[in-house]
Amino acid sequence: MLAAFLIPTTSADASAPLRTHAAARGKFIGAALATSQLANEATYRNTAATEFSQVTAENAMKWESTEPSPGQFDFSGADAIVAFATQNNMQVHGHTLVWHNQTPGWVQSLGASAMRAAMQNHISQVVGHYANNPAVVSWDVVNEVFDDNGNLRTSFWYNTLGQSYIADAFRAARAADPDAKLCINDYNTEGINAKSTAIYNLVSSLRQQGVPIDCVGFQSHLAIQYGFPGDFQQNLQRFAALGVQVRITELDVRMVMPRDATKDATQATYYRNVVNACLAVTACAGVTIWGFTDKYSWVPDTFSGQGAALIYDENYQKKPSYTAVHDALAGGTTTDPTPPTTPGTPSAGNVTSNSATLTWTASTDSGGSGLAGYDVYREQGATDQLLGRSTTNSITLTGLSPSTQYQVYVRARDGAGNVSADSALGTFTTTAGPGGGGCTATGTVQTQWSTGYVIQPVTVTNTGTAGITGWTVTFTLPAGHTLTGSWNATLTVSGQTVTAKNLGYNGNLAPNAGTTFGFQVSRPNGNTQTPSGYTCA
Ligand code: XIL
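The structure presented is a predicted model; accordingly, all values stated were derived computationally and were not measured. (Residues numbered from 1 in each chain as written. Predicted model: local features only at pLDDT ≥ 70, side-chain atom pairs only at ≥ 80, totals over all residues. Heavy atoms only, no water.)

**A short note on the overall build of the protein**
A count of helices and strands for the protein gives 15 helices and 25 strands. Here the protein has a C-alpha radius of gyration of 32 Å; the compact-globule value for 537 residues is 24 Å, and the former is much larger. Projected onto the principal axes, the alpha-carbon positions of the protein cover approximately 100 × 55 × 45 Å. Put simply, the protein has 537 residues, and 52% of those count as buried. Here the contacts in the protein between residues at least 6 apart in sequence split such that 74% fall between residues at least 24 apart. Working note: accessible area of the protein is about 21,500 Å², and carbon and sulfur atoms make up 50% of it. The averaged location of the 35 negative side-chain charges in the protein is 6 Å from the averaged location of its 27 positive side-chain charges. (Helix = DSSP H or I, 4+ residues; strand = E, 2+ residues; numbered from the N terminus. Rg over C-alpha atoms; globule rule 2.2 N^0.38 Å. Buried < 20%, exposed > 50% of the residue type's maximum accessible area, 1.4 Å probe, protein only. Contact = heavy atoms within 4.5 Å. Areas by Shrake-Rupley, 256 points an atom, 1.4 Å probe, with all protein chains shown as cover. Lys, Arg positive; Asp, Glu negative; His and termini not counted. Charge placed at Lys NZ, Arg CZ, Asp CG, Glu CD.)

Structure (structure tokens):
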């Protein structure tokens, strides 16, 4: 009954934009925005304003934009972002003051004392420009200062100034705006690894020295083909224990193109996991997505052959990852009652004596939780056998019996546990095993009525390379079905398993030769099942 108190409210609530739900959880939900799209595209502008409570300038606050030549500051792009944020009651995260990319050549070629002075002046001017603007709440003071192995990156900053540039940058930022949260930001730091541990150690030592660092940003440029960092929340938590704010600063989840429903579903789980990790850590201020529509994303330009990393598609349609973010922020209060569509009939390729690859037309899932995977079953009458599971619309089955007919079907599941209808049955027969012997059996329904059916012919084929002098075919009768007659073979029944043996005149089969038998069965009125699992030995 206690749970009832947690269940909100109206359906309008459930369909509220992301920022409404985020606010209710005490977090921001943000997006990186680009000035030209903001200026030129109403859908872009309106979606951003409606859904997000926080903005990071994708490029407009970088050094090449704000100080393209020494001492010549240009805040036009940055101001446009801040104005949009102010109009729409969004907070702004300043990105980024000291970075080795998108910094003009004139900075990079300075000598040590001139470079230090240029850095301090840049920080002082840019942070100072927004110091009295309440929308601008935080800054990436340094960005990507570590290599993945945990060594400090040998950027022009480090090579010219040594490690001290980092502490100096933070001091300059604090001097320019005592209220802003000052962050260090990096990528590949979501899990606990050499790089995130190096940042952890640096932050810890800077704070011990009294250097003003308040916050750690985790870019979170993820990819579904590399797996989700399962210790993300634990990693955020260890930083939180240092007394700093943490934030997800540049979330996107790319995939190898082309996009499909299965990849979308996997992507949605990554988005959900990131949002849930932030929700679980009190010190996590919120999540910024690096863009929001696949129409505009740095991913295809940067990671060849990859894309579709964001939560809206190119036409501003919400993807499963949008729903995942939404539902995570909404606290799991919205539900997905809609099962996936029925998968296509599985068809078998690469059939050997013990394996086969099945493929089928993928299901789609419109309920929002996204496709979770497929279960592949062998039809066996009463209790069907689960042969395997797959997150794609294909599976390679192994460990099959030789010379055996398999009738298989596929069922799709979604992230909320809804199950689709079963696909139609696909049929294949494994080849004879090594050793030359072997036969196959395939049954065909000749006629059926509401209370029974005739299977004729069951075709028995010698698939081996030598002649055989007898054969035994087994198959399974569905529950409640009773054998009422047979011809051209001797049939014995044990439980629901029927064993058919050749008669004297049709046991000898040359290689590739075949023979047939048949049988009749009665079944409960209205039951539509027929036998399955013909095996020949
Ligand atoms: C990217 C932008 O998205 C691109 O438009 C630009 O061409 C290059 O930079 N880490 C960061 C971001 O901190 O600033 C980068 O943004 C993506 C990686």
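**Side note on the packing of helix H8 (residues 112-130) against helix H10 (residues 164-176)**
Look at H8 against H10: their axes get within 8 Å of each other, and the N-to-C directions meet at 30°. By the angle class used here, H8 and H10 are roughly parallel. Helix-helix and strand crossings are classified by hand; for H8 and H10 the assignment is right-handed. Residues Arg116, Met119, Gln120, Ile123, Ser124, Val127 and Gly128 of H8 form the contact with H10, whose own contacting residues are Ser164, Tyr165, Asp168, Ala169, Ala172, Ala173 and Ala176. (Axes fitted to C-alpha atoms, helices over the stretch in contact; angles between N-to-C directions. Parallel < 35°, antiparallel > 145°, perpendicular 65-115°, else oblique. Left-handed = near helix turned anticlockwise from the far one by under 90°.)

**Description of the site of the ligand**
By nearness alone, 13 residues border the ligand, and Glu58, Lys62, His95, Glu250 and Trp290 come closest of all. Between the ligand and asparagine 59 there is a distance of 3.0 Å, counted from an oxygen atom to a side-chain nitrogen or oxygen. Residue histidine 95 places a side-chain N or O atom 2.7 Å away from an oxygen atom belonging to the ligand. Look at the ligand: alone it shows 410 Å² of surface, and the protein chains cover 79% of it. By residue class, the composition of the shell around the ligand is three nonpolar, six polar and four charged. (Near = heavy atom within 4 Å. Polar contact = N/O pair within 3.5 Å; in protein donor to acceptor, adjacent residues only side chain to side chain. Nonpolar A, V, L, I, M, F, W, Y, C, P; charged D, E, K, R; others polar.)

**Considering helix H4 (residues 42-51)**
An α-helical segment advances 3.6 residues per turn. Residues three or four places apart therefore align on the same side. Those residues of H4 not exposed but buried are Tyr44, Thr47, Ala48, Ala49 and Glu51. On its buried side, H4 packs onto helix H2 (18-24), strand S1 (28-33), helix H3 (35-40), helix H6 (76-87) and helix H15 (320-329).

**Topic: the state of the cysteines**
Counting across every chain of the model gives three disulfides. Here cysteine 183 engages in a disulfide with cysteine 215; their sulfurs sit 2.0 Å apart. Every disulfide takes its handedness from the sign of the S-S torsion; for cysteine 183 and cysteine 215 that torsion is 95°, giving right-handed. A residue pair is termed long-range when its members are at least 10 positions apart, and cysteine 183 in strand S5 (residues 181-186) and cysteine 215 in strand S6 (residues 215-218) qualify at 32 residues. Exposure remark for cysteine 215: the relative accessible area of 0% places this residue in the buried category. Shown here is the disulfide that connects cysteine 278 with cysteine 284, its sulfur atoms set 2.1 Å apart. Sign of the S-S torsion, about -100° for the bond between cysteine 278 and cysteine 284, identifies this disulfide as left-handed. Cysteine 284 shares its class with cysteine 278; the two are buried. When the bonded cysteines of the protein are counted from the start of the sequence, the pairing works out to 1-2, 3-4, 5-6. (Disulfide = S-S within 2.5 Å.)

The values reported here are purely geometric and, on their own, carry no functional implication.
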